[in-house]
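# Summary of the model geometry
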Amino acid sequence: AACVTRVELSVSCRSLLDKDLGSRSDPLCVLLQDIGGQWAELDRTERIKNCQDPEFCKKLVVDYYFEKVQKLKFGVYDIDNKSFDLNDDDYLGGVECTLGQVVSSSVFTRPLELKQGKPAGKGTITISAEEIKDTRAVYLEIEARNLDKKDFLGKSDPFLELYKQTDAGTWQLVYRSEVIKNNLNPCWRKFSVPLQTFCGGDFNKPIKVQCADHDSDGSHDLIGTFETNLAQLQKVGDGSPVEFECIHPEKKQKKKSYKNSGVIRIKSCKIETEYSFLDYVMGGCQINFTVGIDFTGSNGDPRSPDSLHYISPDGINEYLIAIWSVGSVVQDYDTDKLFPAFGFGAQVPPSWQVSHEFALNFNPSNPYCQGVQGIVDAYRQILPQIRLYGPTNFSPIINHVARFAAHSAQQGTASQYFILLIITDGEITDLDQTRQAIVDASKLPMSIIIVGVGEADFKAMEFLDGDNGVLKSLTGEPAARDIVQFVPFRQFRNAPREALSQMVLAEVPKQLVSYYKWQGWPPVKPP
């Protein structure tokens, strides 16, 4: 729960209705969230007296999840009494929206409505979002010299542990380094710890550094320790060496002549800003959503009820549910709401050639569908017009989106990120080419989500997901980052609709941030 992103919403209104006789309204704004079909109050602002253009001081706080559609309702009331209950207060209008819409627009202004379609005079509401966080991180490089020899046969195998002092006075581990084998003058690799974790943002909070000799049986021997704080560590920036004697308390007590058990030197200490997913989104990064649909023969004839493409009397199948579930979340982050949608593995009119990337709307020069509904409509229209065939090749459609991502990456800014949703029955033919395509795409601003429908054994898909180790191409080149998320639809058959999108999209924010961090690109408009 500690890693939940919290967002602070600032609210102002203009031209509110005037409900008070002889004076102006006394407005207050309340924030409700749709929780399982019921509106529940999350927070409310203060009341401002006699004001038709209020700018509320109190921020409304809400937990943010990229992978969920979070429906919100802002209601503005004229408060004329002391009771907490709003039912006896005049309603000045409200607006319904999603949190995704708010965070993806720099300023979100909407007309207030008394009820659906009935405007509240000329009243408007403006909402802006800010993430609550300390995005700074401490980067440290530490080395040591002349450490005590602890091992009978070799030198020591030193590692470091850094602790912060809690308010209760106990020590809490914040970082443990790698072990450097058989070395009394080790230089550990550079590391970073969020400032919040490192010292709670307090530069004078005591930090304890412990150096120990690693033993594989877990009985590590203390070499020595010292205390410092971030303010002291930072002095290394002035060019003066920052060094600490590593002291073993027991040796110090026993031996008068004891000096130290080695010297630890801080090579560098920098505090840098780490950008979050919302920094990029609020800073103007567009998320482009593309869908690829498997129309190969192994799905079965769409007219037959046992086909994966059969549309049931209530108008759905697993392909449609997957498109809706993922698309409804992602669409809030794309301003033009135009989504390219492709099919692969079918014979397509008029030539009846097999195609591995044909536009669902049969318009190759403009394959865009208007909104998620547009993808659904195009899918329904195309089904009777094509012949399911084969083989099942993923690489053409991955390479297609990768070309757009590569073009965008050439601008050298964090302005566009691409999500490709492939929905398939899992029988892949071009595994080697697909591996290469994914490894190439891992160097680009894109993520791939694969939803497997039907009852197939999805071993190949799980292999592409790379969760059990890094995916490598046939030539042995590893993926630069993990960009594939695979889920079998059958795990979600009896779950609520939103469970699927939460599972497949939960990794996307990390993948987006990891790409821009790797490139060293800040948000287009940094916070």
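Placed above this text is the structure.
This section reports on the structure supplied with the text. If you're wondering where the values come from, they're calculated on a predicted model, not measured in any experiment.

### Some remarks on the pairing of strand 10 (residues 158-165)
With 7 of 8 residues buried, strand 10 lies mostly within the body of the structure. Of the pairings in the sheet, the one linking strand 10 to strand 13 (residues 207-213) comprises 7 bridges and is antiparallel in character. When the bridges of strand 13 are listed, Leu-160 appears paired with Cys-211. In this structure, strand 10 lies alongside strand 11 (residues 171-176), joined through 5 bridges in antiparallel fashion. Across the sheet, the residue bridging to Glu-161 is Arg-176, located in strand 11. Counted between consecutive antiparallel strands, the loop separating strand 10 from strand 11 contains 5 residues, among which Gly-169 sits at a positive phi close to 90°.

### Side note on the nonpolar core
Formed by 84 residues in total, the largest nonpolar core has its most connected members in Leu-9, Phe-74, Ile-125 and Phe-295. The two domains that each donate at least three residues to this core are domain 1 (5-132) and domain 3 (288-519). Once residues lying within four places of it in the same chain are set aside, the contact partners of Leu-9 are Leu-31, Lys-59, Leu-60, Val-62, Leu-72, Phe-74, Leu-99, Val-102, Ile-127, Ser-128 and Ala-129. In this structure, Leu-140, Leu-147, Phe-226 and Ile-264 belong to the second largest nonpolar core, which totals 31 residues.

### Describing the packing of helix 6 (residues 318-330) against helix 11 (residues 497-505)
With their axes 9 Å apart at the nearest point, helix 6 and helix 11 run at an angle of 65° to one another. Here helix 6 runs over helix 11; the crossing is right-handed. Counted together, Ile-321, Ala-322, Ser-325, Val-326, Val-329 and Val-330 of helix 6 and Arg-497, Leu-500, Ser-501, Val-504 and Leu-505 of helix 11 form the full contact between these two elements. Grouping the amino acids of the contact of helix 6 with helix 11 by side-chain chemistry returns 8 nonpolar, 2 polar and 1 charged.

Reading guide: rules and limits
- Residues numbered from 1 in each chain as written.
- Predicted model: local features only at pLDDT ≥ 70, side-chain atom pairs only at ≥ 80, totals over all residues.
- Heavy atoms only, no water.
- Buried < 20%, exposed > 50% of the residue type's maximum accessible area, 1.4 Å probe, protein only.
- Helix = DSSP H or I, 4+ residues; strand = E, 2+ residues; numbered from the N terminus.
- Pairing = 2+ DSSP bridges.
- Core = buried A, V, L, I, M, F, W, Y, C linked by side-chain atoms within 4.5 Å.
- Domains from an automatic or database assignment.
- Contact = heavy atoms within 4.5 Å.
- Axes fitted to C-alpha atoms, helices over the stretch in contact; angles between N-to-C directions.
- Left-handed = near helix turned anticlockwise from the far one by under 90°.
- Nonpolar A, V, L, I, M, F, W, Y, C, P; charged D, E, K, R; others polar.

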